[in-house]
Amino acid sequence: MGLFDDDFYSAKVSGRSSKNPVSGPRHNKARWPGRTRRLRRPSMLQTAAVSGAIGAIVAVLLFGFITGLPGTTAFTGANGYKSLSFSADPYERIIQAAAKVRPAVVSIVNYRDGQGAALADSALGSGVIFRIAGGKAYIMTNNHVVEGAEDLEVVTVDGESKKAELIGKDRITDIAVLAVNDKNMDTVAEIGDSSRLRLGETVIAIGNPLGLGDTLTSGIISYTNRIIPVSINQDGVYDWEQSVIQTDAAINEGNSGGALVDLNGRVIGINTMKIADTGVEGLGFAIPANEVMATVYDLMDDGEMERPYLGVYTIDLENPYAPIDDEQRKELKLPDEVKSGVIVLESHGPAEEAGLKLNDVITALDGMPIKSTLELRRYLYDHKEIGDKIEVTYYRLGKAEKVTVTLTDKPDE
């Protein structure tokens, strides 16, 4: 049987072709049953109609391929073959995704001076309901949305205000978890797999920009895994590197903590920051959902992220914002070949017990070179756990020394 089961195709060779010489093995000859009839050519009008129909189908399929939107819906017909049903509105999927997740996105008011403070003097943000259990609705947001809060209030999509309880927060990942009573709240956001995002995929951002709650914007995934250096203390020195999703969906002040959503209505990121500068447009960032949820579960269990603690406060030997001068370098008495490392300013806990002190210059951990505070922190968090031992290589008055430190949990501040 041929590929097409119809009257216009046959795998057999017409008898008229047998007059032509063929090299190699002889082909079986066959004739159409009955006498040969001349096929009538289609008219120009028929040709134009068929070409127009095919062109329309190709255009819709290309539109769906380029935009990521469904120009068609596949279903199985009675003969078992897949058929295509065309949607009249290619943007219907955005509407449906927004409707699905919208009730799970809330506005957050941070009364830093107590609940009697004016709304204009309070910080505004967004949050996403990810669990309802035990009479409470749990909401994830950014740490910087709740930073310094004396009172927190959550406003639902229906305009109902609820006093919120802070369950836990983490400055490094910039994630926090709140809880409110679950009365009149029954929608939980579906969490997607952020590791499967594709460049150019259509996404929507939902949040509370500038206090305009329940606002929706759309865009694409500009980059799936951008590494952004961040200054946790806002002192201009980078303390950490955050893996983020880059998007050109409009994200403004107040969107922080809100949802970045795919076209299936699944939360694939928590909006966290944007680059705001002259000549810069469409550079917004969201923390990937997979990383968010890993932090959220720890905060639900312990109220904080448990990380190994070395106990040193340091400054980079090569700090572009506060470089040491020749006189200071002389006091450290470092060999000329030592160009990078971190200078100990204070030591506490494990580091103090191990004997590390002011002006010691740490250059390696477990034999791995350490050039900055950021690298020191990354090594601790990525490779060590509470209770592990770590070998610290450092210079004191020009002499290289080593000490073994037992890492502990960071004490309460």
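Description of the structure in this document. (Residues numbered from 1 in each chain as written. Predicted model: local features only at pLDDT ≥ 70, side-chain atom pairs only at ≥ 80, totals over all residues. Heavy atoms only, no water.)

**Structural notes on a negative patch on the surface**
How we decide: Residues enter patches when they are more than 30% accessible in relative terms and free of salt bridges; like-charged ones are connected within 9 Å and nonpolar ones (Val, Leu, Ile, Met, Phe, Trp, Tyr) within 5 Å. Every accessible area reported is derived by Shrake-Rupley at a probe size of 1.4 Å, with residue values counting cover from the shown protein chains alone. Here, a salt bridge means any side-chain nitrogen of Lys or Arg that lies within 4 Å of a carboxyl oxygen of Asp or Glu. All tallies of charge rest on Lys and Arg as positive and Asp and Glu as negative; His and the ends of each chain are not included. For this purpose, a charge sits on NZ of Lys, CZ of Arg, CG of Asp or CD of Glu. Each residue is placed in one exposure class: buried if its accessible area under a 1.4 Å probe, protein chains only, is under 20% of its type's maximum, exposed if it is over 50%, and partly exposed if it falls in between.
On the surface, Asp298, Asp301, Asp302, Glu304 and Glu306 cluster together into a patch of negative charge. What makes Asp301 exposed here is its relative accessible area of 62%.

**Description of the pairing of strand β6 (residues 151-155)**
The following threshold applies: Secondary structure elements are taken from DSSP: a helix is a run of H or I of four residues or more, a strand is a run of E of two residues or more, and numbering for both begins at the N terminus. In short, DSSP must find at least two bridges between two strands for them to pair.
In terms of residue burial, β6 counts as a mostly covered element, since 5 of its 5 residues are buried. Of the two faces of β6, the one lined by Asp151, Glu153 and Val155 and the one lined by Leu152 and Val154 are each fully buried. Here strand β3 (residues 105-111) pairs with β6 via 5 bridges, running antiparallel. Bridge assignment links Asn110 to a residue of β6, and that residue is Leu152. In this sheet, strand β7 (residues 161-170) lies alongside β6 in antiparallel orientation, the contact comprising 4 bridges. What sits directly across from Val155, in β7, is Ser161. Connecting β6 to the antiparallel partner β7 that follows it, the hairpin turn spans 5 residues, and Gly159 within it adopts a positive phi of roughly 90°.

**What about the side chain of Ser347?**
Short version of the rule: Any pair of residues with heavy atoms lying within 4.5 Å of one another is described as a contacting pair.
Relative to the helices and strands, Ser347 resides in strand β18 (residues 342-347). Residue classification places Ser347 among the buried positions, given a relative accessible area of 15%. With residues near it in sequence (within four places) discarded, Ser347 still touches Gly311, Glu352, Leu356 and Lys357.

**What about the pattern of salt bridges?**
Counted according to the given criterion, the structure contains 12 salt bridges. Salt-bridge contacts for Lys136 lead to Glu165; the nearest nitrogen and oxygen are separated by 3.2 Å. Remark: Glu165 occurs in strand β7 and Lys136 occurs in strand β5 (residues 136-141); sequence separation between them is 29 residues. A relative accessible area of 31% means that Lys136 is categorised as partly exposed. Between Arg378 and Glu241 there is a salt bridge; the shortest N-O distance is 2.4 Å. Of the two residues, Arg378 sits in helix α7 (residues 373-383) while Glu241 sits in strand β12 (residues 240-247), which places them 137 residues apart along the sequence.

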